[in-house]
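# Structure at a glance
As a plain string of letters, each chain reads:
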Amino acid sequence: MTNEAQNLQLRLKQHPTGIAGPGDFECVTEAMPTPAEGELLVQTHYVGLDAALRLIVRDSDEFLFRVQPGDLVFGSIAGQVIESRNADWRVGDYVTGSLGVQRYAISTGEGLERCDIEAMPLSSWLGGYGVSGLTAYFALYEVCKPQPGQTVLVTGAAGAVGSMVGQFAKLAGARAVGQLDAATPKLADVIFDNVGGEVFDATLKRISLGGVALLCGSVSQYVAEEMQGPSNYVHLGTMRASLQGFVVYDYAERFEMAREHMSNWVKSGQLQMPEHKVKGDIDSFPEAFKELYEGANRGKMLLDIRG
Ligand SMILES: NC(=O)c1ccc[n+]([C@@H]2O[C@H](COP(=O)([O-])OP(=O)(O)OC[C@H]3O[C@@H](n4cnc5c(N)ncnc54)[C@H](OP(=O)(O)O)[C@@H]3O)[C@@H](O)[C@H]2O)c1
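Below or above, wherever it landed, is the structure these notes cover. (Residues numbered from 1 in each chain as written. Predicted model: local features only at pLDDT ≥ 70, side-chain atom pairs only at ≥ 80, totals over all residues. Heavy atoms only, no water.)

## Quick notes on the overall build of the chain
For clarity, the threshold we go by: Per the convention used, a helix needs a DSSP run of H or I reaching at least four residues, while a strand needs a run of E reaching at least two, with both numbered from the N terminus. C-alpha atoms define the radius of gyration in this analysis, and the globule rule sets the expected value at 2.2 Å times the number of residues to the power 0.38. A simple rule labels every residue: compare its accessible area, found with a 1.4 Å probe on the protein chains alone, to the largest value its type can have, and call it buried under 20%, exposed over 50%, or partly exposed in between. Every residue pair with non-hydrogen atoms within 4.5 Å of one another is taken to be in contact.
Summing up its helical and strand segments, the chain has eight helices and 14 strands in all. Scaling as 2.2 N^0.38, a compact globule of 307 residues should have a C-alpha radius of gyration of about 19 Å, and the chain matches this with 20 Å. Expressed as lengths along the three principal axes of its C-alpha atoms, the size of the chain is roughly 65 × 45 × 30 Å. By the burial criterion, 49% of the 307 residues in the chain qualify as buried. Long-range pairs, those at least 24 residues apart, make up 71% of the contacts in the chain with a sequence separation of at least 6.

What follows is the structure, encoded as structure tokens:
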């Protein structure tokens, strides 16, 4: 059997401490999986590097589900069906889904999305057109609802979600800022927080009357041994502002509608989907994930394993 015909899987070796790195994962070679009746075999082209993975591999229960040492590392991939024993899927179909960090995956088709690569390149289905862009779209437009002329303060503004939030805010006629006092002489009507911790705490002093602070994520806290809450929350009370949680999957039934809007904006040149691609194989994932936490990316970080 050649190297290419084998599966390569990334498994969690241990719950990381601090920024996760190569020592926290191990690569395991497996025989090529074979689909049973009703299943299909997917070859991975791109693996998405999602900041939330660090929360999923914590030795704690803050997230919706967890990855334990020895488990396949959770990850969203975009790839192609190379074998099918399921009438709903054909060889050659492009798909995206949570199939884990591996070269090849067996699926029943449940939870998989078919990707129209005429509409958007395959990699974008993991980035702007995928969960990152959809998170920005629904959290901003459906929860924060910025009005023309208002100020949207985004933390983690250069990242996959943050870079889309800034563009969506401008499309709504609002002003998007990614830095605190210097760039925000005015108070912020919307605080879109991806970072948490001290950064988020500092933003609360800048919230406007009746403003909203959206907890999209808390990347700084995913690596912390003990998570810290904000001490400036009293400003929320004084300013009659609200603190709002958010999970993108609550909007799954309307993903298509959001993608249609995004596609039109891309075609008219009003929206870009920034990507930071790293070439490699499955064993390049741990180093790339470390770099994500060191802030190396501008836009969605993707591992391109097409060889
Ligand atoms: N609620 C939902 O449904 C949902 C869905 C998807 C994602 N999210 C959240 O969205 C946020 C962004 O995720 P993403 O996948 O798009 O990642 P990302 O923003 O592309 O990458 C993470 C960024 O965080 C910054 N960062 C890392 N450690 C930091 C620290 N200690 N302090 C401040 N900044 C730090 C780095 O940028 P710099 O160092 O350059 O600032 C890095 O580029 C995460 O909090 C994630 O959990 C939420």
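More follows now that the structure is in view.
## Regarding the site of the ligand
Rules: Here a residue counts as near a molecule or strand whenever at least one of its heavy atoms sits within 4 Å of it. Any pair of nitrogen or oxygen atoms within 3.5 Å is treated as a polar contact; in protein, a donor-acceptor pairing is required on top of that, and neighbouring residues in sequence qualify only through side-chain atoms on both sides. To be clear on the numbers: accessible area is Shrake-Rupley with a 1.4 Å probe, and residue cover counts the displayed protein chains and nothing else.
Around the ligand sit 23 residues in total, of which Ala160, Asn194, Tyr222, Val248 and Asn297 are the nearest. In this structure, an oxygen atom belonging to the ligand sits 2.7 Å away from a side-chain N or O atom of Tyr222. Contact between the ligand and Phe246: a nitrogen atom at 2.9 Å from a main-chain N or O atom of the residue. For the ligand, whose unbound accessible area comes to 920 Å², protein coverage reaches 79%. Contributions of two or more residues to the shell around the ligand are made by helix H2 (131-144), helix H3 (160-171), helix H5 (219-222) and helix H8 (285-293).

## A few points about the sheet that holds strand E9 (residues 175-177)
Counted only if it meets this: Strands are treated as partners if at least two bridges between them are detected by DSSP. To get an axis, a line is fitted to the C-alpha atoms, and for a helix only the part in contact is used. The angle between two axes follows their N-to-C directions and goes from 0 to 180 degrees.
Read from one edge to the other, the open sheet built from five strands follows the order E9-E8-E10-E11-E12, with strand pairing classed as parallel. Unpaired on one side and paired on the other, E9 and strand E12 (242-245) mark the two borders of the sheet. If you compare each strand with its neighbour and ignore which way they point, the axes differ by 20° on average. Here strand E11 (residues 207-215) runs beside E12; their pairing, made up of four bridges, is parallel.

## Let's talk about the packing of H2 against helix H7 (residues 255-267)
Here is the rule: Roughly parallel refers to an angle under 35 degrees, roughly antiparallel to one over 145, roughly perpendicular to one between 65 and 115, and oblique to any angle outside these ranges. Charged residues are taken to be Asp, Glu, Lys and Arg, nonpolar residues to be Ala, Val, Leu, Ile, Met, Phe, Trp, Tyr, Cys and Pro, and polar residues to be all remaining types, Gly included.
Relative orientation of the contacting elements H2 and H7 amounts to 100°, with a least axis distance of 10 Å. In terms of their interaxial angle, H2 and H7 are classed as roughly perpendicular. Between H2, through Gly133, Leu134, Tyr137, Phe138 and Tyr141, and H7, the contact on the second element is made entirely by Phe255, Met257, Ala258, Arg259, His261, Met262 and Trp265. A breakdown of the residues in the contact of H2 with H7 according to their chemical character gives nine nonpolar, two polar and one charged.

## What to know about a nonpolar patch on the surface
Put simply, the rule reads: Residues qualify for a patch when their relative accessible area is over 30% and they have no salt bridge, like charges being joined within 9 Å and the nonpolar side chains of Val, Leu, Ile, Met, Phe, Trp and Tyr within 5 Å. Just to be clear on terms, a salt bridge is a Lys or Arg side-chain nitrogen sitting within 4 Å of an Asp or Glu carboxyl oxygen.
Taken together, the side chains of Leu64, Phe65, Val131, Val247 and Tyr249 present a nonpolar region at the surface, about 450 Å² in accessible area. Tracing the sequence through the fold places Phe65 in the loop between helix H1 (53-56) and strand E4 (77-84).

## Details of the nonpolar core
Under the convention used in this document: We define the nonpolar core as a collection of buried residues of types Ala, Val, Leu, Ile, Met, Phe, Trp, Tyr and Cys that are connected through side-chain atoms lying within 4.5 Å of one another.
Core analysis: the biggest nonpolar cluster contains 38 residues, and Leu140, Phe168, Phe192 and Met262 have the highest contact counts within it. Of all the secondary structure elements, the ones that give two or more residues to this core are H2, strand E8 (151-154), H3, strand E10 (188-193), E11 and H7. Aside from chain neighbours lying at most four places away, what touches Met262 is Gly128, Tyr129, Gly133, Leu134, Tyr137, Met164, Phe168, Leu271 and Met273. In this structure, Ala20, Leu49, Leu99 and Val101 belong to the second largest nonpolar core, which totals 34 residues.

## Comments concerning the environment of Arg206
Within the fold, Arg206 resides in the loop between helix H4 (197-204) and E11. Once the C-alpha coordinates of Arg206 and Gly133 are considered, the two residues, 73 residues apart in sequence, prove to be 26 Å apart. One polar contact links the side chain of Arg206 to the main-chain carbonyl oxygen of Lys186, over a distance of 3.3 Å.

## Describing H8
Rules: Here the arc refers to the directions that run from the helix axis out to each C-beta atom.
Residues of H8 that are buried include every one of Phe285, Pro286, Ala288, Phe289, Leu292 and Tyr293, and no others. All buried residues of H8 fall inside an arc of 160° around its axis, so they share one side. If you follow the buried residues of H8, they end up packed against strand E1 (7-12), strand E2 (25-30), strand E3 (40-48), H1, H5 and strand E14 (300-304). Downstream of H8 by a residue or two, Gly295 has a phi angle that is positive, lying close to 80°.

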